Amino acid sequence: MARTLLRIPPLLAAILVAVLQTAVIGYMVESRASILRSGADIRLKTMPVDPRDLLRGDYVTLSYPISAIPGAIVAGAAPGQGERVRMAVRLKPGPDGLWTASEASFGTLQPQEGSVVLRTLPFQYYPGFEGALPETIFVSYGIERYYVPEGEGRVLEEARNQQELEVEARVSPAGTPQIARILLRGEPVYDEPLY
Amino acid sequence: MYRGRLERDLRHWTAAGLLDAPTAARLLKEYDSRESAFSVGRVLMIIAALLVSAAILLLVASNWEAIPRLARLVGIVGLIWGAYLAGGLLLARGAGRLAAAFLVIGTLAFGGAIALVGQMYHLSGDATQAMLVWFAGAVAAALLFRSGAVTTIAAFLAFAVAGNEWTQSGTDEALLVWLMPAMALVVVLLVRYTGAERTRHLAYLLLVAWLGLLYGEYERPATAVAIAAAGAAGYLLAALPQSPLRALARSAGAAPAFYSYLVLLLGLLLLHAEYDDAGGRLLLGVVTLAAAIGGIALSGRENGAVRYLGYLAFAAETLYLASETIGSILGTSGFFLVSGLVVALIAWAVIALERRFSARNAGEGA
């Protein structure tokens, strides 16, 4: 019968599917672990903004001063209305060890000594009055959530609300940031292992 | 359901002497032996697999510190391997029903593993991509195992992908516009390959939802008219006795007529949002009531799904007109009076025609 002829032997199918799905998970893990292992170090101040994700559990929302890009530091051409874009944002360390945005572009930014370039997540761009750049552009980087064991978000939230929370992240050469450590009053509270 | 009706009819025919009892028993036995027949054991097994999978997903979500996270990762990957190998072994031994349960656990555990990675590395944003990877993993499993149960999971995941993208802030509509029909096509192909016939409806519903999305993207009266017109054309092709495609559509069961009718009603619903003045309401009311009555008249006898959709559209439109009113309460009252008289006239004509037809058929039969 055609039905049985066409069928891949079930055990082979089991191994193929398991290998395939393990490879996908392995790739997802390694793409992040490699940033933690060898990415460039930056340190950011976080601000107050708690919720729960159905599949990933409780998390604390983190928002960063670098998520609000002043229009004044944007270099180069602006895209059209409603276009889906990503930005490159150059970060430089301040005297207090916290990194802030110094330059941003809708195109790419060349690497520069003493600075790190972050890529934002894609977002829809809407210009301000008469097509000018908006005063502030709000972007996200994919590091706006910190997942915590169930019921443990409270401590972090209170610290965050008193602006005592800092995040150390590592950045891949392509500009993808990855949370590496959470600092409470300058002391690490959560240190992220590679795996 | 169908089995209950079949059993009742067989008893009725046996009692009337049209059928002898052993034949009736054999017919019922043949129906029960079909693969698509309802089996309590299989359904309970899948429900158990879904409950176990939900436990796994929630265990991941709880981010329980008692298990180190590397152990969680290794554990869930091990679970994926165990579930697929068990499923494969059972399939090889011909225990398809039990195997399906293990394959369901494996596919859902894969989603748990994806969520775990997102949790481990605090990934925010773009959950759509994660859902899409899950969907792709389910499609691969359904394809390689030729599994109907996993095909159904994949179909639900297609909805999850679309729903996730749709509800998140900054929806990428351009992506959804081509992704939704693409996923529906993948599901339809999987259904053909695995024989999970009923899952086909999920793909059709995804396409209907896609039409709604298209309207959101191009929100103009012309879009709504086009959707309604396409639905009407499809429905008439599937249901009109004179249509050359009617035989083909009926060989695919109730679905072609039902879904094109659903698209027609969707288009009319969208038009209701476009025209909110008295004249527009009157015209749309007439068209919608005509569509409801037309569906009941054309397909009422052979297609229960269209008939109930027609009843629903009729009731909803009547309530809508009564609450919004055409001009004034008196005006609406007059509209219903005219509609009632027109429908009564049509009913009288149809009854007369039916009587003539049955008289002629009886004449030919004699």
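It should be emphasised that the depicted structure is a prediction, and the values quoted were computed from it without experimental measurement.

Engineer: Is there a simple way to explain the packing of helix H9 (residues 200–217) of chain B against helix H12 (residues 255–274) of chain B in this structure?
Structural biologist: How two helices sit against one another is set out by the angle between their axes and by the gap between those axes. Residue and element names in this part refer to chain B. Their axes nearest at 11 Å, the elements H9 and H12 cross at an angle of 20°. Relative to H12, H9 is oriented roughly parallel. Remark: the crossing between H9 and H12 carries right-handed chirality. Across the interface between the two elements, His201, Tyr204, Leu205, Val208, Leu211, Gly212 and Tyr215 of H9 pack against Ala255, Tyr259, Leu262, Val263, Leu266, Leu270 and Glu274 of H12. For the contact of H9 with H12, the residue count by class is 11 nonpolar, 2 polar and 1 charged.

Engineer: It is not clear to me how the side chain of Ser115(A) should be interpreted in this structure. Could you clarify?
Structural biologist: All names here are of chain A. Tracing the chain through its elements places Ser115 in the loop between strand E8 (99–105) and strand E9 (116–119). Within the structure, the side chain of Ser115 is placed 3.1 Å from the backbone oxygen of Gln112, a separation counted as a polar contact. The residues contacting Ser115, other than those within four sequence positions of it, are Arg90, Leu91, Lys92 and Trp99.

Engineer: Explain the nonpolar core here, please?
Structural biologist: Proteins that are soluble and globular tend to have nonpolar side chains buried together. Counting residues in hydrophobic clusters, the biggest one holds 101 residues, and the most contacted among them are Ile25(A), Tyr84(B), Trp134(B), Phe135(B) and Phe145(B). Per-element accounting of this core gives the leading share, 14 residues, to helix H5 (residues 96–120) of chain B. Ile25(A) has contacts with Leu73(B), Val77(B), Phe110(B), Ala113(B), Ile114(B) and Val117(B), leaving out every residue within four places of it along the chain. Counting 34 residues, the second largest nonpolar core, distinct from the first, contains Trp99(A), Phe106(A), Phe123(A) and Ala169(A).

Engineer: I keep staring at the domain arrangement of chain B and nothing clicks. Help me out?
Structural biologist: Interface size, as often reported, equals the accessible area lost upon joining of the parts. Residues and elements named next belong to chain B. Domain boundaries assigned for chain B yield domain 1 (41–124) and domain 2 (127–197). Here the C-alpha centre of domain 2 lies 18 Å away from the C-alpha centre of domain 1. Contact with domain 1, which involves 14 residues of that partner, is made by 11 residues of domain 2. Each partner contributes to the roughly 970 Å² buried at the junction of domain 1 and domain 2, and carbon and sulfur atoms together form 89% of this total. Where domain 1 touches domain 2, the interface holds 0 salt bridges.

Engineer: Looking at this model, I keep getting lost on the domain arrangement of chain A. Mind explaining?
Structural biologist: Residues and elements named next belong to chain A. Segmentation of chain A into domains returns domain 1 (9–64 + 141–195) and domain 2 (68–136). The C-alpha centroid of domain 2 is placed 23 Å from the C-alpha centroid of domain 1. Contact residues are listed per partner, giving 14 residues for domain 1 and 13 residues for domain 2. Taken over both partners, the interface formed by domain 1 and domain 2 buries close to 1,100 Å², and the fraction arising from carbon and sulfur atoms is 68%.

Engineer: I would appreciate a short explanation of the pairing of strand E14 (residues 177–184) of chain A in the present structure.
Structural biologist: A regular strand places its side chains on the two faces of the sheet in alternate fashion. All names here are of chain A. Buried residues dominate E14, accounting for 7 of its 8 residues. Looking at chain direction, strand E13 (residues 165–171) and E14 are connected through 7 bridges and run antiparallel. The partner of Glu166 across the bridge, within E14, is Leu183. In this structure, the hairpin formed by E13 and E14 is closed by a connection of 5 residues, where Gly175 is found at a positive phi of approximately 100°. As defined by bridge partners, E14 adjoins strand E15 (residues 187–191) across 4 bridges and the pair is classed as antiparallel. Bridging from a neighbouring strand, Leu183 pairs with Pro188 of E15. In textbook terms, the turn of a hairpin is the stretch between consecutive antiparallel strands, and for E14 and E15 this stretch comprises 2 residues, one of which, Arg185, has a positive phi near 50°.

Engineer: Sorry if this is basic, but what is going on with the sheet that holds E8(A) here?
Structural biologist: Pairing between the strands of a sheet comes from backbone hydrogen bonds, and it takes one of two forms, parallel or antiparallel. Residues and elements named next belong to chain A. Reading across the sheet, the 4 strands line up as E5-E8-E7-E9 and stay open at both edges, with mixed pairing between neighbours. Both outer strands of the open sheet, strand E5 (74–75) and E9, are each paired with one neighbouring strand and no more. Here strand E7 (residues 88–93) pairs with E9 via 4 bridges, running antiparallel. If you follow Arg90 over to E9, its bridge partner there is Val117.

Engineer: Is there a simple way to think about the interface of chain B and chain A in this case?
Structural biologist: With 48 residues of chain B in contact, the opposing surface of chain A contributes 48 residues. Interface area, chain B with chain A, both sides summed: about 4,200 Å², of which 65% is carbon and sulfur. Three residues stand out in chain B for area buried against chain A, namely Tyr121(B), His122(B) and Leu144(B), and they jointly supply 19% of the buried area on that side. Taken together, chain B and chain A are joined by 0 salt bridges.

Here is what the cut-offs are and how they apply
Residues numbered from 1 in each chain as written. Chains lettered and ligands numbered in written order. Predicted model: local features only at pLDDT ≥ 70, side-chain atom pairs only at ≥ 80, totals over all residues. Heavy atoms only, no water. Axes fitted to C-alpha atoms, helices over the stretch in contact; angles between N-to-C directions. Helix = DSSP H or I, 4+ residues; strand = E, 2+ residues; numbered from the N terminus. Parallel < 35°, antiparallel > 145°, perpendicular 65-115°, else oblique. Left-handed = near helix turned anticlockwise from the far one by under 90°. Contact = heavy atoms within 4.5 Å. Nonpolar A, V, L, I, M, F, W, Y, C, P; charged D, E, K, R; others polar. Polar contact = N/O pair within 3.5 Å; in protein donor to acceptor, adjacent residues only side chain to side chain. Core = buried A, V, L, I, M, F, W, Y, C linked by side-chain atoms within 4.5 Å. Buried < 20%, exposed > 50% of the residue type's maximum accessible area, 1.4 Å probe, protein only. Domains from an automatic or database assignment. Buried area = accessible area lost by both parts, 1.4 Å probe. Salt bridge = Lys/Arg side-chain N within 4 Å of Asp/Glu carboxyl O. Pairing = 2+ DSSP bridges.

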